[in-house]
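# Survey of secondary and tertiary structure
Read off the chains here:
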Amino acid sequence: MPTSTTRPRDRRPLVALVNPNTNRRTTTMMADLARAELAAVGADVVEVTAAHGPAMIVEPDALVAAEAAVLDVVREVVARDRPDAVVVAAIGDPGRAALAAELDVPVVGIGQASVLAAAAGGRRFGMVTTTDRLAGALGDLVAAHGCSAGFTGVELTRDGPLELAADPEEQYRQLLDAVRAAERRGAEAVIVAGGPLSETARRLRETVAVTIVEPVPAACGLLRGLDAVL
C-alpha cells in the first residue's frame, strides 16, 4: 500500500528535490532552480542530499548504488516533512519507479521529464553529456518512455565529467560543440543530460537556436501540469 504523505491544510505545497549524489553544492544549485520555477505557483522546495553513495554518478554501478541512497533519504523526508511531490534530480532517475509505487504523491525524475519535454509534439531530439559511460543508460531511459523513434542519440564531450566539473568554461565549450553535433544529426531539441550541468544548460539555451531542454525546469514543468499537485 502506498505510504501516505498528506500535509496539513494550512501550509503551502512542498516539493522535495532529491540529489542522488552526495554533493551538497549541487543540491543547492538544483533546488534554487526549482524554487525559481515553482515560485509562481506558490510552492516551497526542500533540498535533500543523499547521505551515502557516489559523489558523482558517472557510470552504471554508481547509478545502481544511488538508488538505495535515494530510497533511504526520501523515506526520511516523507516521514518528517510530508512533501506533496518528489523530484529525483539525477538524469538516470535512480529510485524514481520504486518511490512512485511506494508513495501516494507524484514522483518525477529529471530524466523522465526531460525526455517527455524534448519529444513533445513528435520532435526529433538528442542528448549531450559529459558522462560517456552512461550513454547506454540514457538510451535505455529514452526507450522506457517510448520515445526512441525520434531520438538522434547521445553526443559526448571530449573530456570526462571530473575534468569538466573543475573547469566550467571548458565544460560550456565542449557541451556547445556536442549540441551542434546533435543539430547536425537532425535534433530539434537537445537535452543537457545531468543535474550538475544545469547552470551550463541555461547558458546554452541563450546561445543556440535549437531548443535546449534543462532537466530541473523540465521536471518542474511536469509537476505544474499535474493539477492535483500544486
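Residues numbered from 1 in each chain as written. Predicted model: local features only at pLDDT ≥ 70, side-chain atom pairs only at ≥ 80, totals over all residues. Heavy atoms only, no water.

## So, the packing of aromatic side chains
Evaluation of the coordinates by the stated rule reveals one aromatic pair. Ring centres 5.3 Å apart and planes at 40° place the aromatic pair Phe125 and Phe151 in the tilted group. One end of the pair, Phe125, is in strand β5 (residues 125-129); the other, Phe151, is in strand β6 (residues 151-156), and 26 residues separate them in sequence. A cation over a ring is seen here: Arg203 above Tyr172, with NZ or CZ 4.0 Å from the ring centre. (Phe/Tyr/Trp six-rings, centres within 6.5 Å; stacked < 30°, edge-to-face > 60°. Helix = DSSP H or I, 4+ residues; strand = E, 2+ residues; numbered from the N terminus. Lys NZ or Arg CZ within 6 Å of the ring centre and 35° of its normal.)

## Points about the pattern of salt bridges
Overall, the coordinates contain 14 salt bridges when judged by the stated rule. Linking Arg224 and Glu37 is a salt bridge whose minimum nitrogen-to-oxygen distance equals 3.6 Å. In this pair, Arg224 sits in helix α9 (residues 215-224) while Glu37 sits in helix α1 (residues 24-38), placing the two residues 187 residues apart along the sequence. The class for Glu37 is partly exposed, based on a relative accessible area of 22%. Note that Arg205 is salt-bridged to Glu214, the shortest N-O span being 3.0 Å. Classification of Glu214 by relative accessible area gives buried; the value is 6%. (Salt bridge = Lys/Arg side-chain N within 4 Å of Asp/Glu carboxyl O. Buried < 20%, exposed > 50% of the residue type's maximum accessible area, 1.4 Å probe, protein only.)

## With respect to the nonpolar core
One recurring pattern in soluble globular proteins: nonpolar side chains tend to sit buried together. Core analysis: the biggest nonpolar cluster contains 36 residues, and Leu17, Val115, Phe125, Met127, Ile191 and Val216 have the highest contact counts within it. Contributions of two or more residues to this core are made by β1 (14-19), α1, β3 (85-88), α4 (110-118), β5, α5 (135-144), β7 (189-192) and α9. Looking at which element gives the most residues to this core, the answer is α1, with six residues. With near-sequence residues (within four places) excluded, Leu17 lies in contact with Thr27, Met30, Ala31, Ala34, Val45, Val46, Glu47, Val48, Val87, Ala89 and Val216. Within the second largest apolar cluster, 17 residues are counted, among which are Ala16, Val46, Val86 and Val107. (Core = buried A, V, L, I, M, F, W, Y, C linked by side-chain atoms within 4.5 Å. Contact = heavy atoms within 4.5 Å.)

## Digging into α4
With seven of its nine residues buried, α4 lies for the most part within the structure. Of the positions making up α4, those classed as buried are Ile110, Gly111, Gln112, Ala113, Ser114, Val115 and Ala118.

## Remarks on unusual backbone geometry
For Arg82, which is not a glycine, the phi torsion comes out positive at approximately 50°. Position of Arg82 among the secondary structure elements: in the loop between α2 (60-81) and β3. Of note in this structure, Asp93 is not a glycine but carries a positive phi near 55°. Looking at the secondary structure, you find Asp93 in the loop between β3 and α3 (96-102).

## Brief notes about the packing of α1 against α9
Contact pair α1 / α9: the axes reach a minimum separation of 9 Å and the direction vectors enclose 40°. Compared by their axis directions, α1 and α9 come out oblique. By crossing handedness, the relation of α1 to α9 is classed as right-handed. For the pair α1 and α9, contact is made by Met30, Leu33, Ala34, Glu37 and Leu38 and by Val216, Pro217, Cys220 and Arg224, respectively. (Axes fitted to C-alpha atoms, helices over the stretch in contact; angles between N-to-C directions. Parallel < 35°, antiparallel > 145°, perpendicular 65-115°, else oblique. Left-handed = near helix turned anticlockwise from the far one by under 90°.)

## Notes on the sheet that holds strand β8 (residues 211-213)
A sheet is described by the order of its strands in space; here four strands give the open sequence β6-β5-β7-β8, paired in parallel fashion. Looking along the sheet, the strands with just one partner apiece sit at the ends: β6 and β8. Each neighbouring strand pair of the sheet contributes to a mean axis angle of 25°, computed without reference to strand direction. Where β5 meets β7, four bridges bridge the pair, whose relative direction is parallel. (Pairing = 2+ DSSP bridges.)

## With respect to the packing of helix α7 (residues 168-184) against helix α8 (residues 198-205)
In the contact formed by α7 and α8, the axes pass within 10 Å of each other and the chain directions differ by 55°. Looking at the two axes, α7 sits oblique to α8. Along this stretch, α7 crosses α8, giving a crossing that reads as right-handed. Contacts from Glu169, Gln171, Tyr172, Leu175, Leu176 and Val179 in α7 reach Thr200, Arg203 and Leu204 in α8. Of the residues that constitute the contact of α7 with α8, the class distribution is five nonpolar, two polar and two charged. (Nonpolar A, V, L, I, M, F, W, Y, C, P; charged D, E, K, R; others polar.)

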